[in-house]
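Spelled out from the first residue to the last, the chains are:
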2 protein chains.
Amino acid sequence: MKNNKGRRYAVGVDFGGTYIKMGLVDEGGRLWVRRKLPTAGRSQPEEWIAAVRNAFDEMIKESGVRAVEIAGIGIGVPGLVDFERGFVYELVNVPGWKDVPLAEIMQSQVGKTVRVDNDVNAMAVGECMFGAGREHRNAVFATLGTGVGGALLIEGKLYRGAYSMAGEIGHISIDKDGRRSPQGRGGLEQYVGNRRIVERALRELRRGRRSKIRTLVGGRLDRITPREIAAAAQAGDRLALEIFDFMADCLATAFASLTYILQPEVFIVGGGVAHSGKVLFDPLNRHLRERLSQPFASRVQIVRARLGNDAGTVGAAALVLH
Amino acid sequence: MKNNKGRRYAVGVDFGGTYIKMGLVDEGGRLWVRRKLPTAGRSQPEEWIAAVRNAFDEMIKESGVRAVEIAGIGIGVPGLVDFERGFVYELVNVPGWKDVPLAEIMQSQVGKTVRVDNDVNAMAVGECMFGAGREHRNAVFATLGTGVGGALLIEGKLYRGAYSMAGEIGHISIDKDGRRSPQGRGGLEQYVGNRRIVERALRELRRGRRSKIRTLVGGRLDRITPREIAAAAQAGDRLALEIFDFMADCLATAFASLTYILQPEVFIVGGGVAHSGKVLFDPLNRHLRERLSQPFASRVQIVRARLGNDAGTVGAAALVLH
């Protein structure tokens, strides 16, 4: 492997439910060496740390990068974190992780800077440094998935709020009297989260509505995911297009509020549903502009996240290279 | 007048529809000399600038402050401003003010730094430096009036957004399918602006509902303002309390979204209706906490703005002393 002398590198670790993905990333955002370990059998803190530490050593060896050029390790985890201390409060879907001083432990073992953050924050930092946000100083990053994750870039820096919990754009209320959840009423992700989109399709299909969605799952409605709805929409299916239009309008409502509050230069949208392309972004752009007065509408942009599958690892590395 | 040597002072100018208020303010936020000129007869840019310049000279003389101790003039205007250039795009309710390079003109005449900003931003800076926001680095400032004005303090600085228009919290949508306005649908101020509150009272009273509000205006419904509704609420009137509860819940919806997005330490609420006290702040606190998950609910505070009638002048001066 080519090695430019004097460069800075970091190893990014993306802690996913299925895989632990790792990457050696340079300060230009390029990925030099990758690793992918199944999470199963390594999900407990002790074994997880040992596995990551091992892989880290191997990757350095394989890359030929000198130890002195490694600035540190960045870790993105699916849960609540105190970024300042690199302390994991809790990982909602991974048992065994509660109150783990992850940065402290790793740091004492590898002797390098270790930064730990929520995975969505890590992705946002990555997109902002190396992806779609590269040219911007004020951006809102949104990931569409089970929920709606978010992160804010303000004056070139990730904004964390008074107690490190800012950026929860999935809980913006788009309807004062709307659906209840533990986060209040009418929260955005109560309308556009993956499960909600599928529920909406099911409700219509069970009423007997005709749609390509049904064909795409061979009549087995329990197999419907946002992917099939997107495929049907791309093929011009009316129900699927309606669902995307509704989702886009809900997102546009929250984006309009965010625009009036923060006036970002750009919204960067990532996550599974963002791969749907035009069927999402066309109505999203249209509805957002309908919901803004001219001076705001004329200046705001929406773009797709660029880092794709590497967003997690590159983002985690960016926590150190930032 | 006592004059502490080596102090820095600024003159703040609050450009209101009825009065031009001016104040000589020291860097501790104390007001030393006041002036109040009727706006009538001085509303055009040329005469306005001459009047302010005159008053400025007189105030300096009267105060005994040495010219070298005056850091400059800060001006808050009721309209759209480019803060960087001190350029007034337009004052919505004052004809004659369109594309006026106010800072440039004043600066060339008085030979001091001149800063110009929207009056709500100026008040927010004042509250943050010298009032309720003094101990905070992250705050949202809201003024309740005809509309709902807002400003954001982020990491100790007023946040202006990508194109100087951020902080328009009055346009946060609290209902995706709600009232239309040039700013979109369901904007907060479409529900809690002064006129909307009065309309709500009128609707009920015209339906024949009994209420102290009617008595307070001697049966002349066209005389109802938010002040009478507040007075009735403070006297325990049921309709008036309902109106305040509704208003508080609408505000709480927007404040909850702001909390999830920005996680400020504090909301600072000023403007006419904020003088209503408990009848507003009690339900506002309650509804906000209902609409937030525990980690957010337990950390956020709502306080009343402290600068009162001097908020405009002290705030304008703070633009220079900031």
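Residue indices follow the written sequence of each chain, beginning from 1 at its first position. Chain A is the first chain written and ligand 1 is the first ligand written, with later ones labelled in order. Local features are withheld for residues below a pLDDT of 70 in this predicted model, meaning they are given only at 70 or higher, and side-chain atom pairs are given and counted only at 80 or more; totals for whole chains, interfaces and linings count all residues. Values shown for side chains rest on all heavy atoms present in the structure; no hydrogens or waters enter the calculation.

A look at the packing of helix H5 (residues 194-206) of chain B against helix H8 (residues 238-262) of chain B
All names here are of chain B. Basically, it comes down to this: Where helices are involved, their axes are fitted lines through C-alpha atoms of the stretch in contact, as for all axes, and angles between N-to-C directions lie from 0 to 180°. Only runs of H or I of at least four residues qualify as helices and only runs of E of at least two qualify as strands under DSSP, and these elements are numbered from the N terminus. If you view the pair so one helix is near and one far, a crossing is left-handed when the near helix is turned anticlockwise from the far one by less than a right angle, and right-handed when it is turned clockwise. Between two residues, a contact is recorded if the distance between any of their heavy atoms is within 4.5 Å. Amino acids are sorted into nonpolar (Ala, Val, Leu, Ile, Met, Phe, Trp, Tyr, Cys and Pro), charged (Asp, Glu, Lys and Arg) and polar (every other residue, Gly among them).
Two elements in contact, H5 and H8, have axes separated by 10 Å at closest approach and are oriented at 140 degrees. The handedness of the crossing between H5 and H8 comes out as right-handed. The segment H5 lies against H8, with Ile-197, Arg-200, Ala-201, Glu-204 and Leu-205 engaging Leu-239, Ile-243, Phe-246 and Met-247. Tallied by class, the residues present in the contact of H5 with H8 amount to seven nonpolar, no polar and two charged.

Here's the deal with the domain arrangement of chain A
Residues and elements named next belong to chain A. What counts, and what does not: What fixes the domain bounds is an automatic or database domain assignment. Summed over both partners, the accessible area lost on bringing two parts together, with a 1.4 Å probe, is the buried area. Here, a salt bridge means any side-chain nitrogen of Lys or Arg that lies within 4 Å of a carboxyl oxygen of Asp or Glu.
When cut into domains, chain A gives domain 1 (9-128 + 310-321) and domain 2 (134-305). Relative to domain 2, the C-alpha centre of domain 1 lies at a distance of 28 Å. Listed by partner, the interface residues are ten residues for domain 1 and twelve residues for domain 2. Interface area for domain 1 against domain 2, summed over the two sides, is near 1100 Å², with a carbon-plus-sulfur share of 64%. Three residues, Val-120, Glu-127 and Cys-128, lead the burial of domain 1 against domain 2; their summed loss comes to 46% of the area buried on that side. The interface formed by domain 1 and domain 2 includes one salt bridge. Put simply, Arg-160 and Asp-117 hold a salt bridge, and the shortest N to O gap is 2.8 Å.

Some details on the sheet that holds strand S6 (residues 87-91) of chain B
All names here are of chain B. To be explicit about the condition: By the convention used here, strands pair only if DSSP detects at least 2 bridges between them.
The strand order across the open sheet formed by three strands is S5-S6-S7, and the pairing between neighbours is antiparallel. Across the chains shown, the open sheet's two edge strands, defined by having one partner strand only, are strand S5 (79-82) and strand S7 (98-100). Here the strands of the sheet are splayed against their neighbours by 20 degrees on average, with no regard to which way each runs. Summarising the sheet, S5 and S6 pair through four bridges and their orientation is antiparallel. Paired with Val-81 across the strands is Val-88, a residue of S6.

What to know about the relation of the copies chain B and chain A
Short version of the rule: Only residues with pLDDT of at least 70 in both copies count here: their C-alpha atoms drive the least-squares fit that superposes the copies.
Once chain B is rotated about the relating axis by 180 degrees and shifted along it by 0.0 Å, it coincides with chain A to within an RMSD of 0.0 Å. The transformation just described matches what one would write down for a two-fold rotation axis. In terms of proximity to the rotation axis, the leading residue of chain B is B:Asp175, whose C-alpha is 2.2 Å off the axis.

Quick word on the pattern of salt bridges
Counted according to the given criterion, the structure contains 43 salt bridges over all chains. Here B:Arg53 and B:Asp57 are joined by a salt bridge, their closest N and O atoms 4.0 Å apart. Pair noted here: B:Arg53 and B:Asp57 are both in helix H1 (residues 45-63), with a separation of four residues, about one helical turn. One salt bridge connects B:Arg196 with B:Glu199, and the closest N-O pair in it is separated by 3.3 Å. With B:Arg196 and B:Glu199 both in helix H5, this residue pair falls three residues apart, about one helical turn. Overlapping salt bridges, with partners in common, bring together A:Lys176, A:Asp177, B:Asp249 and B:Arg291 in one network.

Notes on the interface of chain B and chain A
It is common to report an interface's size as the accessible area lost on association of the parts. Contacts between the two partners involve 43 residues from chain B, matched on the other side by 43 residues from chain A. Interface area for chain B against chain A, summed over the two sides, is near 3600 Å², with a carbon-plus-sulfur share of 61%. Three residues, B:Lys176, B:Tyr260 and B:Ile261, lead the burial of chain B against chain A; their summed loss comes to 21% of the area buried on that side. Put simply, chain B and chain A have two salt bridges between them.

A word on the sheet that holds strand S14 (residues 266-270) of chain A
Residues and elements named next belong to chain A. In space, the five strands of this open sheet follow the order S11-S10-S9-S14-S15, with mixed pairing throughout. Of all the strands in the sheet, the pair left with one neighbour each is strand S11 (157-159) and strand S15 (301-304). Going from strand to strand, the sheet's axes swing by 30 degrees on average, the running direction of each strand aside. Where strand S10 (residues 148-154) meets S11, three bridges bridge the pair, whose relative direction is antiparallel. Bridge assignment links Ile-154 to a residue of S11, and that residue is Lys-157.

Structural notes on helix H8 (residues 238-262) of chain A
Residues and elements named next belong to chain A. Note the following rule: One fewer than the residue count of a helix, multiplied by 1.5 Å, yields its expected span. Only protein chains enter the calculation, and the probe is 1.4 Å; a residue is then buried if its accessible area is under 20% of its type maximum, exposed if over 50%, and partly exposed in between.
For H8, spanning 25 residues, the distance from its first C-alpha to its last is 35 Å, which sits close to the expected 36 Å at 1.5 Å a residue. Counted residue by residue, H8 has 21 buried out of 25 residues, so it is predominantly covered. Phi for Gln-263, located one or two positions after H8, is positive at around 40 degrees.

A few points about the pairing of strand S4 (residues 70-77) of chain A
All names here are of chain A. Taken across its eight residues, S4 has eight buried, putting it largely inside the fold. Two elements, S4 and strand S8 (residues 113-118), share six bridges in a ladder whose sense is parallel. Counted as the bridge partner of Ile-73 is Val-114 from S8.

As for helix H7 (residues 226-234) of chain B
Residues and elements named next belong to chain B. All of the buried residues in H7 are Pro-226, Glu-228, Ile-229, Ala-230, Ala-232 and Ala-233. Buried positions along H7 lie against H5, helix H6 (212-216), H8 and helix H9 (278-290). Taken from the residues just after H7, Gly-236 is the one with a positive phi, measuring 85 degrees.

Thoughts on the environment of A:Leu292
Counting through the fold element by element, A:Leu292 comes out in the loop between helix H9 (278-290) and helix H10 (294-297). For A:Leu292, a relative accessible area of 6% gives the class buried.

Overview of unusual backbone geometry
Trans is the common state for peptide bonds, and a negative phi is the common state for residues other than glycine. The phi dihedral of A:Asp99 falls on the positive side, at around 50 degrees, and the residue is not glycine. Assignment of secondary structure puts A:Asp99 in strand S7 (residues 98-100). One non-glycine residue with positive phi stands out, namely B:Gln263, at about 40 degrees. Tracing the backbone through its elements, the reader meets B:Gln263 in the loop between H8 and strand S14 (266-270). Given the relative accessible area of 2%, B:Gln263 is considered buried.

Describing the packing of H8(A) against H8(B)
For clarity, the threshold we go by: Relative orientations are named as follows: roughly parallel for angles under 35 degrees, roughly antiparallel for angles over 145 degrees, roughly perpendicular for angles from 65 to 115 degrees, and oblique for any other angle.
The geometry of H8(A) relative to H8(B) is characterised by a closest axis approach of 12 Å and an angle of 75 degrees between their N-to-C directions. Between H8(A) and H8(B), the crossing angle belongs to the class labelled roughly perpendicular. The residues of H8(B) that touch H8(A), namely those facing A:Leu258, A:Ile261 and A:Leu262, are B:Leu258, B:Ile261 and B:Leu262. Of the residues in the contact of H8(A) with H8(B), the class split is six nonpolar, no polar and no charged.

So, the pairing of S6(B)
Residue and element names in this part refer to chain B. Between S5 and S6, which pair antiparallel and follow one another directly, the connecting turn spans four residues, one of which, Gly-86, has a positive phi of 65 degrees. Two strands pair when backbone bridges link them, and S6 and S7 are joined in this way by two bridges, in the antiparallel orientation. Counted as the bridge partner of Glu-90 is Lys-98 from S7. Counting the residues between successive antiparallel strands, the hairpin from S6 to S7 contains six residues, one of them, Gly-96, with a positive phi of roughly 95 degrees.

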